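A look at the structure
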Amino acid sequence: GIHTSPPCPRMPVDDSGNGTMSGQSEEAPDDGKNKAVDGEQKDGVGKQEDEKPKNGPRKVVVSMTDSEMLADYSVAKICGSDEVARLSLDLFNEAVTSGTLTLAKRDLSEDLLTRMLKAVGKFGMLKGLLPTRTSTLPIRSIDFSGNVLL
């Protein structure tokens, strides 16, 4: 299993301003008495037990095939039509292969260009190339010339 360290003990606060209750040390043991129950807050401190560990196990994304990606509900919502989804997938595959994302001289409206760009990002997530929010696609240059951006 995964070993995690216990949460930091909570320190009750009093009105005297010294930060500790009388008779307690600054590092009180975590005996479970200071934990929030059923959404309540104790000592003005939020429920830290519900926070997800930042270094915990990550969800593994399994790469999808092109046909599975085209059938994905979120792709359909982003693209709006099967034709835009197929064009976006071709654009994605070409960009990942060549390292250049080019929408040059296609005379696309801003809405269509935005949909295609969002779809490229979604395809990257579905292919497992973007496992985290700060991940980047293996694209070194982008060309949007020849399109209307208003």
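Each residue is numbered by its place in its chain's sequence as written, counting from 1. Whole-chain, interface and lining totals are the exception, using all residues; otherwise, since this is a predicted model, local features are given only for residues with pLDDT of at least 70 and side-chain atom pairs are given and counted only at 80 or more. The side-chain values count all of the structure's non-hydrogen atoms but skip hydrogen atoms and water molecules.

So, on to the overall build of the protein. Helix numbering and strand numbering both begin at the N terminus, where a helix is a DSSP run of H or I of at least 4 residues and a strand a DSSP run of E of at least 2. When you go through the protein residue by residue, the secondary structure sums to four helices and two strands. Walking the protein from its N terminus toward its C terminus, one meets helices and strands in the order α-α-α-β-α-β. Partly exposed describes any residue whose relative accessible area lies between the buried limit of under 20% and the exposed limit of over 50%, with all areas from a 1.4 Å probe on protein chains only and scaled to the type maximum. For the protein, the proportion of its 150 residues judged to be buried stands at 21%. Within the protein, contacts between residues at least 6 apart in sequence are counted, and of these 63% link residues at least 24 apart. Any pair of residues with heavy atoms lying within 4.5 Å of one another is described as a contacting pair.

The salt bridge definition used is simple: a Lys or Arg side-chain nitrogen within 4 Å of an Asp or Glu carboxyl oxygen. All told, the structure shown has two salt bridges when counted by the stated rule. The salt bridge partner of Asp66 is Lys127, with a shortest N-O separation of 3.8 Å. One end of the pair, Asp66, is in helix 1 (residues 66–71); the other, Lys127, is in the loop between helix 4 (110–126) and strand 2 (141–143), with 61 residues separating them in the sequence. Assessed through its relative accessible area of 30%, Asp66 is described here as partly exposed. For the salt bridge of Asp111 with Arg115, the shortest nitrogen-to-oxygen distance reads 3.2 Å. With Asp111 and Arg115 both in helix 4, this residue pair falls four residues apart, about one helical turn. The exposure class assigned to Arg115 is partly exposed, which follows from its relative accessible area of 28%.

Further remarks concern helix 4. One turn of the α-helix equals 3.6 residues, which is why residues spaced by three or four share an orientation. Here the expected span of a helix is defined as 1.5 Å times the quantity of residues minus one. The terminal C-alpha atoms of helix 4, which comprises 17 residues, lie 24 Å apart, in line with the 24 Å expected from a rise of 1.5 Å per residue. If you check which residues of helix 4 are buried, you get Leu113, Met116, Ala119, Val120, Lys122, Phe123, Gly124 and Leu126. The positive-phi residue at the C-terminal boundary of helix 4 is Gly128, with phi of around 85 degrees.

Attention shifts here to helix 3 (residues 82–98). In a regular helix each residue adds 1.5 Å, so 17 residues correspond to 24 Å; helix 3 covers 24 Å between its end C-alpha atoms and thus fits that length. Listed as buried for helix 3 are Val84, Ala85, Ser88, Leu89, Leu91, Phe92 and Ala95. Buried positions in helix 3, seen along its axis, are confined to an arc of 165 degrees and lie on one side of it. Along helix 3, the residues that are exposed and aim more than 90 degrees away from the buried face are Asp82, Glu83 and Thr97. Buried residues along helix 3 sit against helix 1, helix 2 (73–79), strand 1 (100–102) and helix 4. Once helix 3 finishes, Gly99 follows within two positions and takes phi at roughly 85 degrees, a positive value. Directions drawn from the helix axis to the C-beta atoms are what define this arc.

Glancing now at the packing of helix 3 against helix 4. At a minimum axis separation of 9 Å, helix 3 and helix 4 run at an interaxial angle of 60 degrees. By the criterion of interaxial angle, the relationship of helix 3 to helix 4 is oblique. Of the two elements, helix 3 crosses helix 4, and the hand of that crossing is right-handed. Between helix 3, through Val84, Ala85, Leu87, Ser88, Leu89, Leu91 and Phe92, and helix 4, the contact on the second element is made entirely by Leu112, Met116, Ala119, Val120, Phe123 and Gly124. Residues are sorted three ways: Asp, Glu, Lys and Arg are charged, Ala, Val, Leu, Ile, Met, Phe, Trp, Tyr, Cys and Pro are nonpolar, and all the rest, Gly among them, are polar. Taken together, the residues of the contact of helix 3 with helix 4 break down into eleven nonpolar, two polar and no charged. Here the axes come from fitting lines to C-alpha atoms, over the contacting stretch only for helices, and the angles between their N-to-C directions go from 0 to 180 degrees. By definition in this entry, angles of less than 35 degrees are roughly parallel, angles greater than 145 are roughly antiparallel, angles of 65 to 115 are roughly perpendicular, and the rest are oblique. Crossings are assigned a handedness: left-handed for a near helix turned anticlockwise from the far helix by less than a right angle, right-handed for a clockwise turn.

A separate point is the side chain of Ser88. Mapped onto the elements of the fold, Ser88 is located in helix 3. Accessibility expressed as a relative area gives 0% for Ser88, which makes it buried. Residue contacts for Ser88: discarding those within four places in its chain leaves Cys79, Met116, Ala119, Val120 and Phe123.

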